[in-house]
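Secondary and tertiary structure notes
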Amino acid sequence: MARGDGRLSHDLLPGEKGPQDECGVFGVWAPGEDVSRLTYFGIYALQHRGQESAGIATSDGEKILVYKDMGLVSQVFDDRALQSLKGHIAIGHTRYSTTGSSTWENAQPTLGPTASGTVALGHNGNLTNTRILMDLVRERFGKDLLGELGRGSSTDTAVVTALLGGRTATGDRLEDVAMEVLPLLEGAFSLTFMDEHTLYAARDAHGVRPLVLGRLERGWAVASETAALDIVGATFVREVEPGELLIIDADGLRSRHFAAPTPHGCVFEYVYLARPDTKIAGVPVNAARTEMGRALAREHPVDADLVIPTPESGTPAAIGYAQESGIPFAQGLVKNSYVGRTFIQPTDTIRQLGIRLKLNPLKEVIAGKRLVVVDDSIVRGNTQRALVRMLREAGAAEVHVRISSPPVKWPCFYGIDFATRAELIANGLSTEEVRASLGADSLGYISLDGMIAATTVPRGRLCTACFTGAYPIRIRGGATVSGADAPSVPDALSVPDVGDAPVAGVRAPGVPAEAVTGAAPTPTTTGAPQ
């Protein structure tokens, strides 16, 4: 099958990374259905949440098979691969990694032995106490690590997989082990996992990352977003509650709670991360983004001729801005959605075109016009700076930049890969200084209150740490970060993957993805042909 020679990128400037969510998860329990194909379309719908690797695990009741590789969902899987994944239970995963962690070993679902069989696991989020969990793994299982950790994985997901391989005082059931392990996890996690007979879904007590439950005609599905349920024909039932473990097997659906819920859903899901056709906490994301645009128009009006979005993430807010302000909406930029990273390096001449590799202005639309350009966020500012320059070269008379989120000043430790705090342009400059740096005629950010109001979710049920520095979950290595304590968070603090803790077991370079067969409890993994 064709290998993924490059990874889809939403970056408008080559090498200029925007905010990235780290994963999308999906799970299905449906006897009589083609669960591998359902999962394929489920993670295909979640491709925006991770574009570096993809994987599916299935169980036929006797053994678990995992197929995963680097690349997009459509690059990793073909009919032959899906036909080999038989069973009535499946989980799927799309992954975006932090810098330096984009390797086959870190692709998911992970796989590991348990006391009674095998577990496969997919994770969206980021744990903040992985060093402590890693110490617990060594304490319980010794220094010779097995499973994903032994095969060279360096993710917090591999650590959780190892811990699920333990036993409890009451027995060997994975359900009981999970009820002991899940309360130990700190940070953000939405999990789908399975053994040979049962599908599980779990969400951290703060509900930072979304996770929803849907009903199929002959079973159940769980997914990071409601849009994935829509695409596989599942009817939305409800969100997985913060602190809840769902168990789905031949006896039906059961719910257990491993922690008291203290909701702090990520507000950036509403701003940028989630698909616009998704609902979070009952709120249509597209409606929230459009309302953010309306609020932005009320807070930062300007005399202009056209409102144009930075496609596609800025479009709903731009529509809202145009509706509220009465300024006509127009598509002033054309985006090439098919440009991604590739092994074919551009020449110096092409590289100098920069943003034009992704966006091209419609000169006949914008020439001589006073423009309001609406985008969802500013991280480093390089993309917006190049965009302003390009619009001026195309003949725009004025360029007024409007942003549908407040200034991003703090890194995220709960599953979004932002720039470091030192790289965040709003961290060291005032709004006027940022405007001057971009070369815009004016710059306006929506207020924190305006953004929150647009979601219709109470402020106390949202995480706004990237805007405020008020972290709702403890960052290990220091006390809970909130309010006045926020500036004490060290700029270099890094908690992605295994929190920089060394992980034993390094797989030799150049070793291809394994193709191992065998009955449970031996983990069974298949990798794409080389």
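Up top is the structure these notes are about.
A short tour of the structure in this document, coming up. As the structure is a prediction and not an experimental result, all values here were calculated from the model.

Criteria and cut-off values
Residues numbered from 1 in each chain as written. Predicted model: local features only at pLDDT ≥ 70, side-chain atom pairs only at ≥ 80, totals over all residues. Heavy atoms only, no water. Helix = DSSP H or I, 4+ residues; strand = E, 2+ residues; numbered from the N terminus. Buried < 20%, exposed > 50% of the residue type's maximum accessible area, 1.4 Å probe, protein only. Polar contact = N/O pair within 3.5 Å; in protein donor to acceptor, adjacent residues only side chain to side chain. Pairing = 2+ DSSP bridges. Axes fitted to C-alpha atoms, helices over the stretch in contact; angles between N-to-C directions. Phe/Tyr/Trp six-rings, centres within 6.5 Å; stacked < 30°, edge-to-face > 60°. Lys NZ or Arg CZ within 6 Å of the ring centre and 35° of its normal. Left-handed = near helix turned anticlockwise from the far one by under 90°. Contact = heavy atoms within 4.5 Å. Nonpolar A, V, L, I, M, F, W, Y, C, P; charged D, E, K, R; others polar.

Side note on the side chain of Thr 94
The topology assignment puts Thr 94 in strand E5 (residues 89-95). You can call Thr 94 buried: its relative accessible area is 0%. At a separation of 3.4 Å, a polar atom in the side chain of Thr 94 contacts the main-chain carbonyl oxygen of Leu 46.

Things to note about the sheet that holds strand E21 (residues 370-375)
Taken in spatial order, the 4 strands make up an open sheet running E18-E21-E22-E24, and their pairing is parallel. In the strand order of this sheet, the two ends are held by strand E18 (306-309) and strand E24 (442-445), each with one partner. This sheet shows a mean twist of 20° between the axes of neighbouring strands, independent of strand direction. Here strand E22 (residues 398-403) pairs with E24 via 4 bridges, running parallel. The residue bridging Val 401 from the neighbouring strand is Leu 443, located in E24.

Description of the packing of aromatic side chains
If you walk through the whole model with that rule in mind, you get 10 aromatic pairs. Aromatic side chains Tyr 40 and Phe 41 sit 5.2 Å apart centroid to centroid with 85° between the ring planes, which places their arrangement in the edge-to-face category. Taking the centre distance of 6.2 Å and the plane angle of 25° together, the rings of Phe 189 and Phe 258 count as stacked. Note that Phe 189 is positioned in strand E8 (residues 187-194) and Phe 258 in the loop between strand E14 (252-257) and strand E15 (265-266), a separation of 69 residues in sequence. Residue class for Phe 189 comes out buried when judged on its relative accessible area of 1%. Among the aromatic residues, those joined into a cluster by ring pairs are Tyr 40, Phe 41, Tyr 44, Tyr 67 and Phe 77. The residue whose ring lies beneath Arg 215 is Trp 220, and the NZ or CZ to ring-centre distance is 4.1 Å. A cation over a ring is seen here: Arg 421 above Trp 410, with NZ or CZ 3.7 Å from the ring centre.

Comments concerning the packing of helix H10 (residues 285-299) against helix H17 (residues 448-455)
Interhelical geometry of H10 versus H17 gives an angle of 145° and a closest axis separation of 8 Å. Considering how the two elements wind past one another, H10 and H17 form a crossing that is right-handed. Between H10 and H17, the contacting residues are Ala 288, Glu 291, Met 292, Ala 295 and Glu 299 on the first element and Gly 450, Met 451, Ala 454 and Thr 455 on the second. Of the residues in the contact of H10 with H17, the class split is 5 nonpolar, 2 polar and 2 charged.

Description of the environment of Ala 90
Within the secondary structure, Ala 90 sits in strand E5. The buried category is assigned to Ala 90, whose relative accessible area is 0%. For Ala 90 and Val 66, which are 24 residues apart along the polypeptide, the C-alpha to C-alpha distance reads 9.5 Å. Beyond its immediate chain neighbours, meaning those up to four positions away, Ala 90 contacts Phe 26, Gly 27, Val 28, Val 35, Thr 39, Ala 57, Thr 58, Met 194 and Leu 199.

Everything listed here is a matter of geometry and, on its own, says nothing about what the molecule does.
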